[in-house]
Amino acid sequence: MALIFVAPKTCLEYGGEGFDSFARGTAELIYFTDFISSMVLFAFRRKSYVRMITMLQETFRALADPAQPTSCVTAITSFNGRIFRYSRIYACFIGSCFIFYIPLPMTATFLNYFSAGNETEAVEFVLPLENKFYGLDTRRNIVHYLIYMAMLTPAVCGSACLSIVKGTVLFTIIRYGATLFELVSLKIEDLGDPNNFRDWDDLEAQRKRHDRLQEIIALHQTALEFADLLENTMQHILLSQFVNCLLISCLMMFYISSTYGPNVVNMVILFAVLMVEVFAYCFNGDELSEKAAAVANSIYNYPWYKEPTPVQKAIQLMILRSQRKIGITAAKFYFVDIGRFGVVVQASYSYYLILKERF
């Protein structure tokens, strides 16, 4: 992938002339470099990811016990169904983008080439990417163009598959973190009011209730540990994603607003994929923060002070931990949420206006 996407742009420069060509080529270079670096950063955080998967397996296996509240089982089942549907939609979205990178450019090029007759030298081919490619005349020579597209096709297919894997893995792991906090809230609500508990004289019933409270405290601890591992896995990936998103977005908007023709379609598709990724990170990060904050509200509304003294002490520690804001950050600089997405869009548009006025 690096030899097809990054190396030609870095070493061989771009194929067109003017700032429009520079803006498009630079945006594509930053995009694919960020894509590859994100995969590398994620590989270095593999241990954290494996630990998170193990925690999820252990937690969901324990919640599958028939003695557990049906609300938790229903929530997990419903969540898994939604994740499966969203993953298929995202895969279809990325798969549909492939059409605009290989079949459509080749179709447009062949139509222009064969309809030009004897004036084929004046036909400029439609290129999916803005770059020179190892000395091939991909803009005028049809044989060189076919060689280029034959080499580009597997690279585009591979990048699409990796993009699907990256998106589904990172997006869903954030949502699973939010689900853990949601399960804590559901188990707290399932306890009910201590005033309605009629078996205070039944030692066995008291023991079972105490065990349920300990399970809630342990689940909350698991959710907090999961959030820390998630932060450790995602923080540098998100910092790279947001910094590069600002650069890519303003360059893409400049190119789209300054150029007309079939090549604009590819940039629109790349811009759409970029913004969908950033929005998904922000939306899921916002969900994680909201679900974590909901745990604090559930504890606040629960009359824990009516429980036995040992349980009160344990719940007080749980309250103290829940007061800390939970979420994913971009290398500790800021929390990633919907508000941050608006900041990114606004900043990108401001930089685009500066470029537009300057060039």
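Predicted model only: the values in this text are computed from it and were never measured.

(A) The arrangement of the overall build of the chain in detail. Along the backbone of the chain there are 10 helices and 0 strands. Reading the secondary structure of the chain in the N-to-C direction produces α-α-α-α-α-α-α-α-α-α. Relative to the globule expectation of 21 Å for 359 residues, the C-alpha radius of gyration of the chain, 26 Å, shows a markedly less compact shape. Relative to its full complement of 359 residues, the chain shows a buried share of 47%. Considering only residue pairs separated by 6 or more positions, the chain has 78% of its internal contacts joining residues 24 or more positions apart. Total accessible area on the chain is roughly 17,700 Å²; 62% of this is exposed by carbon and sulfur atoms.

(B) Main features of the packing of helix α4 (residues 70-101) against helix α6 (residues 142-191). Viewed as axis vectors pointing N to C, α4 and α6 meet at an angle of 160°, and their least axial separation amounts to 9 Å. Relative to α6, α4 is oriented roughly antiparallel. For the element pair α4 and α6, the recorded crossing hand is right-handed. Grouping the amino acids of the contact of α4 with α6 by side-chain chemistry returns 19 nonpolar, 9 polar and 2 charged.

(C) Up close: a nonpolar patch on the surface. Side chains of Val143, Ile147 and Met151 sit close together on the surface and give an oily, nonpolar patch of about 250 Å² of accessible area. Following the sequence through the fold, Met151 ends up in helix α6.

(D) A look at the layout of surface pockets. Looking at the largest pocket, its volume works out to about 380 Å³. What lines the largest pocket is a set of 15 residues, and nearest its centre among them are Tyr86, Tyr90, Phe171, Ala280 and Asn284. Examining the composition of the lining of the largest pocket, we find that 6 residues originate from one element, α4, more than from any other. Of the residues assigned to the lining of the largest pocket, the class counts are 10 nonpolar, 4 polar and 1 charged.

(E) Seen up close, empty space enclosed by the protein. Scanning the entire structure with this criterion turns up 3 cavities of 30 Å³ or more. Quantified by volume, the largest cavity comes out at close to 240 Å³. Elements with a contribution of two residues or more to the lining of the largest cavity: α2 (18-44), α4, α6 and α8 (263-301). In this structure, the second largest cavity is lined by Ile188, Leu191, Leu213, Ile216, Ile217, Ile299, Tyr302, Ile315 and Met318. Counting residues per element, the ones that place at least two in the lining of the second largest cavity are α6, α7 (203-258) and α9 (309-322). Of the residues contributing to the lining of the second largest cavity, the split by class is 9 nonpolar, no polar and no charged.

(F) Local environment of the side chain of Ser163. By the secondary structure assignment, Ser163 is in helix α6. Setting aside residues no more than four positions away along its own chain, Ser163 makes contact with Phe35, Tyr90, Ile94 and Glu277.

(G) Quick look at α6. When the terminal C-alpha atoms of α6 are compared, their 72 Å separation across 50 residues agrees well with the 74 Å that a helix rising 1.5 Å per residue should span. N-cap assignment for α6: the residue whose side-chain oxygen lies 2.9 Å from the backbone N of Val143 is Asn141.

(H) Main features of the packing of aromatic side chains. Taken as a whole, this structure holds 11 aromatic pairs when the rule is applied. Taken together, a centroid distance of 5.0 Å and an interplanar angle of 75° make the contact between Phe171 and Tyr281 edge-to-face. Of the two residues, Phe171 is situated in helix α6 and Tyr281 in helix α8; the sequence distance between them amounts to 110 residues. Residues Phe171 and Tyr281 agree in their burial class; the two are buried. When the centroid spacing of 5.7 Å and the interplanar angle of 45° are considered together, the rings of Tyr349 and Tyr352 count as tilted. On the criterion of helical spacing, the pair formed by Tyr349 and Tyr352 is a turn pair, its members being 3 residues apart in helix α10 (residues 338-358). For Tyr352, a relative accessible area of 11% gives the class buried. Three or more aromatic residues joined by ring pairs make a cluster, and in this case those are Phe60, Phe79 and Tyr176. The side chain of Lys325 reaches across the aromatic face of Phe335, ending 4.4 Å from its centre. Taking the ring centre of Tyr334 as reference, the NZ or CZ of Arg340 above it sits at 3.9 Å.

Thresholds, definitions, all that
- Residues numbered from 1 in each chain as written.
- Predicted model: local features only at pLDDT ≥ 70, side-chain atom pairs only at ≥ 80, totals over all residues.
- Heavy atoms only, no water.
- Helix = DSSP H or I, 4+ residues; strand = E, 2+ residues; numbered from the N terminus.
- Rg over C-alpha atoms; globule rule 2.2 N^0.38 Å.
- Buried < 20%, exposed > 50% of the residue type's maximum accessible area, 1.4 Å probe, protein only.
- Contact = heavy atoms within 4.5 Å.
- Areas by Shrake-Rupley, 256 points an atom, 1.4 Å probe, with all protein chains shown as cover.
- Axes fitted to C-alpha atoms, helices over the stretch in contact; angles between N-to-C directions.
- Parallel < 35°, antiparallel > 145°, perpendicular 65-115°, else oblique.
- Left-handed = near helix turned anticlockwise from the far one by under 90°.
- Nonpolar A, V, L, I, M, F, W, Y, C, P; charged D, E, K, R; others polar.
- Patch = residues over 30% accessible without salt bridge, like charges linked within 9 Å, V, L, I, M, F, W, Y side chains within 5 Å.
- Salt bridge = Lys/Arg side-chain N within 4 Å of Asp/Glu carboxyl O.
- 1 Å grid on protein atoms, 1.4 Å probe; cavity = no way out; pocket = protein on both sides within 12 Å on 5 of 7 lines; lining within 4 Å.
- Points joined across faces, edges and corners; volume = space filled by probe spheres on them.
- Expected span 1.5 Å × (residues − 1).
- Polar contact = N/O pair within 3.5 Å; in protein donor to acceptor, adjacent residues only side chain to side chain.
- Phe/Tyr/Trp six-rings, centres within 6.5 Å; stacked < 30°, edge-to-face > 60°.
- Lys NZ or Arg CZ within 6 Å of the ring centre and 35° of its normal.

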